[in-house]
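Residue-level structural notes
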Amino acid sequence: MSKGLKKHIVYLIHGINGNKTHFGHMVPALRRVLNARDPQTKYIIQNVEYETGHDEKIPYDFAKDLADVINARTARFRDDDKISLVMHSQGGLVGSIWLFQSMLDAEGYSPKRTIQHLDAFITLGAPFWGAKIAQWGYEMKMLAKRFGVKIPLLIGEQELSQMSFGSDTIYDFRQAIVDSQYRGVIHELRETVRFLNIVGVADVLNPLGIFVSGVDQYEDDGAVPLASARFNFLYSQSIKNNYLPDDRTGLENIREIDWAPYLVVNALHRSPVPEVPNFPGIAQIPKKCITAEDYPHPTFAYIWKHILGLPVEQMDHRLGNFKTFLIDINLQFESAATLVTEDLQVTFAQLNGGALSESNVELSKPMEFYSEGRRLSERHDNCIRVYYTGHIKKFLDNRRETLLMTVSKPGYKSRSVEIQVKPTYST
């Protein structure tokens, strides 16, 4: 192979409790198909492993570790050399933090000029807005810690906490996207980086749908809900120091972030038998893909085509008519002196005041695990976070539904917010 060929390094970034084996045979399979289809480029596939399982480290720490790896390889890059990222689960958060902080030239990350080499940015089941399994894992970890029991898994306490709904990492990440001071950065990223979010729904788990997503179809890959695994979301923000009792924020305040295309695949977050065709893992590439690029794995073709800059579109048209959504609330108080979550009341109704039960929306089904929750922020001592999962009862052409949310607390004036929810989105 000529030394004059341009280089394209594809970094594979695993998730929590992971290592390079979580990508199966991705390295040889990608190397073969990319170099065969684009002989003018030397493709290098590199796994990036980080210290998952460290109880004190959070995705920001791992993003700095990623920066060290990338900085070492790009120091001698030519102008036409490229890098791409393929990230599974928590790896999507790690890569996103690295990308955003590097764009800001933040200390400890990559210099901003490195981003000019970034081409494809592919996430596989990334819990951008939280995951129920992380909440469950964190509670199990705390319970085990309380009784002095060691859990033999590489799962860090802070990793689980920061991937749970309402975490500071999730809040700060979402705020960075909507903050007007970063609008230029976001615009530049959208213009220069080719994003793709791949999300999984495991139909093999459909019998468990009522316990996870609240509907018949299992709209989850076994770890990450559909609405959490994509960048795009709806939001409303209204911060006031003075307002009348029963203040109401209208629908005109709703905005939509439309950052990245996404595709849905029938795959498990992590499969116990990834070589079996009916139990594919979203990131676990089977051995047959090494010699057969068209082997019917649900994500492999998407990945190599997107890296090559070829068009990709939803291939499995059986996947659709999804109904689930997530509501993610941050409440900011003037004082942190008396904040507790127990006396906070959040209620939902139709815009005209009618009962929610008579609408096309259902929240927090009794049979659904972790369908709602609340927590105090660890970093911002004047904030309470609340979340709800829900679904649209009757699919109506992917349209938005409107709700009236009212928040009240003893000693404070109540506030109401007109919100919208949309299938596969968080709000």
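Up top is the structure.
Description of the structure in this document. For clarity, every value in this text was computed on a predicted model and none was experimentally measured. (Residues numbered from 1 in each chain as written. Predicted model: local features only at pLDDT ≥ 70, side-chain atom pairs only at ≥ 80, totals over all residues. Heavy atoms only, no water.)

On to the overall build of the protein. Assigned secondary structure in the protein consists of 9 helices and 16 strands. A compact globule built from 427 residues should have a C-alpha radius of gyration of about 22 Å, and the protein, at 22 Å, falls within 12% of that. Projecting the C-alpha coordinates of the protein onto the three principal axes gives extents of approximately 70 × 50 × 45 Å. Here the protein holds 427 residues, and 56% of them are scored as buried. Contacts spanning at least 24 positions in sequence make up 76% of the contacts within the protein whose residues lie at least 6 apart. As presented, the protein carries roughly 19,400 Å² of accessible surface, and 50% of it is formed by carbon and sulfur atoms. (Helix = DSSP H or I, 4+ residues; strand = E, 2+ residues; numbered from the N terminus. Rg over C-alpha atoms; globule rule 2.2 N^0.38 Å. Buried < 20%, exposed > 50% of the residue type's maximum accessible area, 1.4 Å probe, protein only. Contact = heavy atoms within 4.5 Å. Areas by Shrake-Rupley, 256 points an atom, 1.4 Å probe, with all protein chains shown as cover.)

What follows deals with the side chain of Ser 110. Secondary-structure assignment places Ser 110 in the loop between helix H3 (90–103) and strand E4 (118–124). A residue is classified by how much of its surface remains accessible, and Ser 110, at 1% relative accessible area, is buried. There is a polar contact of 2.8 Å between the side chain of Ser 110 and the side chain of Trp 98. When neighbours within four sequence positions are excluded, Ser 110 is seen to be in contact with Ala 67, Ile 70, Asn 71, Trp 98, Ser 102 and Asp 105. (Polar contact = N/O pair within 3.5 Å; in protein donor to acceptor, adjacent residues only side chain to side chain.)

The residue Asp 105 is not glycine, and still its phi comes out positive at about 60 degrees. Among the secondary structure elements, Asp 105 is positioned in the loop between H3 and E4.

Another aspect to go through is the environment of Thr 424. Along the chain, Thr 424 falls in the segment after strand E16 (415–421). For Thr 424, a relative accessible area of 3% corresponds to the buried category. Discounting chain neighbours no more than four positions away, the residues touching Thr 424 are Leu 226, Ala 227, Arg 230, Tyr 262, Phe 322 and Thr 324. A polar atom in the side chain of Thr 424 sits 2.6 Å from the side chain of Arg 230.

Both faces of the sheet carry side chains from a regular strand, because those side chains alternate between them. Summarising burial for E4: 7 of the 7 residues are buried, a large majority. In the sheet, strand E3 (residues 82–88) pairs with E4 via 5 bridges, with the strands oriented parallel. For His 88, the partnering residue across the bridge sits in E4 and is Leu 124. What joins E3 to E4 is H3, and the crossover it makes is right-handed. Bridge count for E4 against strand E5 (residues 194–200) is 5 bridges, and the pairing is parallel. Across the sheet, the residue bridging to Ile 122 is Leu 196, located in E5. (Pairing = 2+ DSSP bridges. Right-handed = clockwise from strand over helix to strand, strands pointing away.)

Let us now look at the packing of aromatic side chains. Across all of its chains, the model carries 17 aromatic pairs by this definition. Centroid distance Phe 100 to Tyr 182: 5.3 Å. Interplanar angle 80 degrees. Geometry classified as edge-to-face. Residue Phe 100 is located in helix H3, and its partner Tyr 182 is located in the loop between helix H6 (168–178) and helix H7 (183–192); the two are separated by 82 residues in the primary sequence. Ring geometry for Phe 211 and Phe 369: centres 5.7 Å apart, planes at 20 degrees, overall stacked. Of this pair, Phe 211 sits in helix H8 (residues 209–212) while Phe 369 sits in the loop between strand E12 (361–363) and strand E13 (372–376), placing them 158 residues apart in sequence. The exposure class of Phe 211 is partly exposed, given its relative accessible area of 28%. Through successive ring pairs, a cluster of aromatic residues spans Phe 121, Phe 128, Trp 129, Phe 173, Phe 195, Phe 231, Phe 233, Tyr 235 and Trp 259. The ring of Tyr 425 carries the charged tip of Arg 230 above its face, separated from the ring centre by 4.2 Å. In this arrangement the basic side chain of Lys 409 is found over the ring face of Phe 333, its NZ or CZ atom lying 5.9 Å from the centre. (Phe/Tyr/Trp six-rings, centres within 6.5 Å; stacked < 30°, edge-to-face > 60°. Lys NZ or Arg CZ within 6 Å of the ring centre and 35° of its normal.)

Attention now goes to a nonpolar patch on the surface. Together, Ile 133, Trp 136, Met 140, Leu 143, Phe 147, Val 149 and Ile 151 line one region of the surface with nonpolar side chains, adding up to about 650 Å² of accessible area. Structurally, Trp 136 is set in helix H4 (residues 132–146). (Patch = residues over 30% accessible without salt bridge, like charges linked within 9 Å, V, L, I, M, F, W, Y side chains within 5 Å. Salt bridge = Lys/Arg side-chain N within 4 Å of Asp/Glu carboxyl O.)

With respect to burial, H6 is a largely interior element, 10 of its 11 residues being buried. Those residues of H6 that sit buried are Asp 168, Thr 169, Ile 170, Tyr 171, Asp 172, Phe 173, Arg 174, Ala 176, Ile 177 and Val 178.

Turning our eyes to something else, we now look at the sheet that holds strand E2 (residues 41–48). Strand order in the open sheet formed by 6 strands is E2-E1-E3-E4-E5-E9, and the pairing between neighbours is parallel. Taken across any chain shown, the strands that pair with only one partner, and hence form the sheet edges, are E2 and strand E9 (262–265). For this sheet, the mean angle separating the axes of adjacent strands, direction not counted, is 15 degrees. The strands touched by helix H1 (residues 26–37) are strand E1 (6–13), E2 and E3; relative to E2, the strand with the most contacts, the crossing angle is about 165 degrees. Its contacts with the sheet put H3 on E1, E3, E4 and E5, and the angle it makes with E3 is roughly 145 degrees. (Axes fitted to C-alpha atoms, helices over the stretch in contact; angles between N-to-C directions.)

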